[in-house]
Amino acid sequence: MMNKLKLIFMLTLLLSGPLVHAAEITVAADRNPVSLDESFQLVFSAAEDVDGEPDFSPLENDFEILGKQESSHISIINGNRQSEKRWIVSLLAKHSGDIIIPAITFGKDRSQPGVITVKQSGDDRDKGREIFVEVETSDDSVYVQQQLGVTARVFRSIAVANATLSPLTVSGVNTFVENISADNRYRTRIDDKLYDVFERRYALYPQASGELTINQVIFKATRGMGRFFADPFGERPKSIIRRSEEKTLMIKAVPPAFQGNYWLPVKSLQLDESWSAEPPVFHVGEPLTLTIKQTARGLPASQLPEISLDLPDQIKAYPDQPVLNNQSMDQDLLGSREDKIALIPSEPGQFVLPEIRIPYWSVDTDSNAVAVIPERRIEVLPAATAPGAVPPAEAANVSKPAPVTGATETAAAGDEAPASSLWQWLSAVLLVLWLLTLYMWRRSAARPDRVPLAHTEPGAGPALKAVEQACRENDPQQCKQALLNWARHNWSERPPRSLGEISRRFDHAISDHFDALNNALYSNTGGSWKGDEFWLAFRRCAKNNKRIETSNTGTLEPMFRIG
């Protein structure tokens, strides 16, 4: 069937091509595929004047035309005038399958044909109601920290005013909710009744295993207000409230088969590398910047792990602050992390930059997977000589001129000594300045600037006591809640919303203790947690009032270590 459609499509394309120059008219659907009885839009675009008005009647063979509109856009760039005209047609398919969009005539000009896939809807919803709300999930069960797609829809066949939709809320396990795309509007037909549909999509990230409940989404509106003001004896305004059904699903723990150190449940994970110079050429004492980018589909950027390089002793690494970015793609959140690392070799020779491996759990195949950057063999050359300088080997082979006898020889010898002494002194000063600059650069790269802890509010004292009590009782879950409460008092202007953010605002000495706490909270092999050790380290850092200023990298809990 599909092969025949492709053949028809190609024949139509060939037969529809004009023999003389004609305006190019493109056509695109706002989405493909679509469900049967679900409206969509075809957009016809032309960058130059067309020969005549369009004739959309061929579309009526397979589609119902719901509406048409035109728009024009003119722009002037560097004195060049550019114009575009659009014709937007709202359609409703009459049957399912792969339907050919025929070429539409615009006088003597014609648009290109296309194909759209229309799927059978198979609705089992309540088809008699004027307004109803539904919530749909992408999966019936997901792993801890795996993305769960949720779509809330409002269906209405009547006009309303003052419409509002409540935010999506959950109960049960601790879960972060993100709105991942702009609101969508379209039309659909259910049992011969046409509905306007409002759609909003979310991404949920449960932070623990157990039972998760998606609470009711509530739609509120007013009906009859317009007719009441037009006719005082007409229908009085009345409020409309509709609720979706609650949905409950199970959140699975980390599978025992997972082989990585950090739990990363994603659809895909990609690793890419680039260099400040391509191809990279290494010289002793000269930095080259290596950029490593991680791109995960179905995971926010704040969940991606820090890159660790196992380099030879002769190559030093100076990492910069990572750049995190999140964007939506289709129904997924696309998180990326970019790490820039300056590499400075100290000796010439042949070296190996080891491969970089990040194991992750593929939720599509429900199995282990790994993203890899292969190892790279490099050659470090000696330090480059200054322009115009004579290499040592050549300088040794240059023959000295024959000495001049008499007074001339004595004068030359007297002038040579001061010049040589001056150059030696200048070389020593430049060497000291270079070493001092290198030392300060390494120091600033290795230790980020610290700023004092934010102003402490009055409630911080009891909150700190709650942290101590949870540590004394070896209760990791209670300790997490107490830490977040304490952080809200200490960083009131921009409070951390996860343990990872709290850890990054302190000295690196406490990061291992936060890893142990995360391990006890989430890992299936976490073992017992030593609250007393955590309290001693945390109290010491809180007393020192030192933290590392970090950028806002999101509100999700960072990845936790397994084992």
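Keep in mind it's a predicted model, so treat the numbers as computed, not measured. (Residues numbered from 1 in each chain as written. Predicted model: local features only at pLDDT ≥ 70, side-chain atom pairs only at ≥ 80, totals over all residues. Heavy atoms only, no water.)

> Any chance you could explain the sheet that holds strand E8 (residues 105-106) here in plain terms?
What links the strands of a sheet is backbone hydrogen bonding, and the strands pair in either a parallel or an antiparallel sense. Ordered by their spatial adjacency, three strands build an open sheet running E4-E8-E9, and the pairing between neighbours is antiparallel. Two strands lie at the open edges of the sheet, namely strand E4 (54-55) and strand E9 (109-110), each paired on one side alone. Pairing analysis gives two bridges linking E8 to E9, with the strands arranged antiparallel. Counterpart to Phe 106 in the pairing with E9 is Asp 109. (Pairing = 2+ DSSP bridges. Helix = DSSP H or I, 4+ residues; strand = E, 2+ residues; numbered from the N terminus.)

> Honestly, the packing of aromatic side chains in this entry has me stumped. Any pointers?
In this description, an aromatic ring pair is defined by two values, namely the gap between the centres and the angle between the planes. A complete count under the given rule lists 20 aromatic pairs for this structure. Between the aromatic rings of Phe 44 and Phe 106, the centroid separation amounts to 6.2 Å while the plane-to-plane angle is 55°, which identifies the pairing as tilted. Taken as a pair, Phe 44 in strand E3 (residues 40-46) and Phe 106 in strand E8 lie far apart in primary sequence, 62 residues in all. The exposure class assigned to Phe 44 is buried, which follows from its relative accessible area of 0%. Their ring planes at 10° and their centres at 4.6 Å tell us that Phe 132 and Phe 155 sit as a pair that is stacked. Placement of the pair is Phe 132 in strand E11 (residues 131-137) and Phe 155 in strand E13 (residues 148-156), with a sequence separation of 23 residues. Here Phe 132 matches Phe 155 in class, with each residue buried. Taken together, the ring pairs in this structure connect Trp 486, Trp 491, Phe 514, Trp 529, Phe 534, Trp 535 and Phe 538 into an aromatic cluster. (Phe/Tyr/Trp six-rings, centres within 6.5 Å; stacked < 30°, edge-to-face > 60°. Buried < 20%, exposed > 50% of the residue type's maximum accessible area, 1.4 Å probe, protein only.)

> Could you clarify how one ought to interpret the sheet that holds strand E22 (residues 247-252) in this entry?
The sheet built from four strands is open, its strands ordered E12-E22-E19-E15 with mixed pairing. Strands with a single pairing partner mark the edges of an open sheet, and in this sheet they are strand E12 (141-143) and strand E15 (170-172). Strand-to-strand, the axes of this sheet are offset by a mean angle of 30°, without reference to chain direction. Of the pairings in the sheet, the one linking strand E19 (residues 210-214) to E22 comprises five bridges and is antiparallel in character. Following the sheet pairing, Thr 213 is matched in E22 by Thr 248. (Axes fitted to C-alpha atoms, helices over the stretch in contact; angles between N-to-C directions.)

> Would you mind going over the packing of helix H5 (residues 460-472) against helix H6 (residues 476-490) with me for this structure?
Across the interface, H5 lies against H6 with an axial gap of 8 Å and an inter-helix angle of 160°. For the element pair H5 / H6, the angle class is roughly antiparallel. When the axes of H5 and H6 are compared, the crossing they make is left-handed. On H6, the residues that touch Ala 460, Ala 463, Leu 464, Ala 466, Val 467, Ala 470 and Cys 471 of H5 are Gln 478, Cys 479, Ala 482, Leu 483, Asn 485, Trp 486, His 489 and Asn 490. (Parallel < 35°, antiparallel > 145°, perpendicular 65-115°, else oblique. Left-handed = near helix turned anticlockwise from the far one by under 90°. Contact = heavy atoms within 4.5 Å.)

> Sorry if this is basic, but what is going on with the side chain of Thr 151 here?
Within the secondary structure, Thr 151 is located in strand E13. Apart from the residues within four sequence positions on either side, Thr 151 is in contact with Glu 134, Val 135, Glu 136, Glu 199, Arg 200 and Arg 201.

> Please explain the nonpolar core as it appears in this structure.
Note that soluble globular proteins tend to have their nonpolar side chains buried in a common cluster. Counting residues in hydrophobic clusters, the biggest one holds 29 residues, and the most contacted among them are Leu 148, Val 150, Leu 168, Leu 204, Ile 214, Phe 219 and Trp 263. Residue assignment for this core shows that the elements contributing at least two residues are E11, E12, E13, strand E18 (193-206), E19, strand E20 (218-223) and E22. Counting residues in each nonpolar core, the second largest holds 27 residues, with Leu 271, Phe 282, Ile 292 and Val 380 among its members. (Core = buried A, V, L, I, M, F, W, Y, C linked by side-chain atoms within 4.5 Å.)

> What am I meant to see in the confidence of the model for the chain here?
Caution applies to low-pLDDT regions: their predicted coordinates should not be interpreted in detail. Considering every residue of the chain, the mean pLDDT works out to 78; 73% of them sit at 70 or more. The low-confidence segment residues 10-20, where pLDDT is below 50, has six contacts with residues more than four positions distant or belonging to other chains. Low pLDDT, under 50, characterises residues 386-419; the stretch is placed with three contacts to residues that sit more than four places away or in other chains. (pLDDT = per-residue confidence, 0-100.)

> How should I be thinking about the pairing of E22 in this particular structure?
Consecutive side chains of a regular strand alternate in pointing toward one face of the sheet and then the other. One ladder, built from three bridges, connects E12 with E22; its direction is parallel. Counterpart to Tyr 143 in the pairing with E22 is Lys 252.

> What am I meant to see in the side chain of Gln 146 here?
With respect to the helices and strands, the residue Gln 146 is situated in the loop between E12 and E13. At 3.0 Å, the side chain of Gln 146 and the backbone nitrogen of Tyr 143 are in polar contact. Not counting chain neighbours up to four residues away, the residues in contact with Gln 146 comprise Leu 204, Tyr 205, Pro 206, Pro 265 and Val 363. (Polar contact = N/O pair within 3.5 Å; in protein donor to acceptor, adjacent residues only side chain to side chain.)

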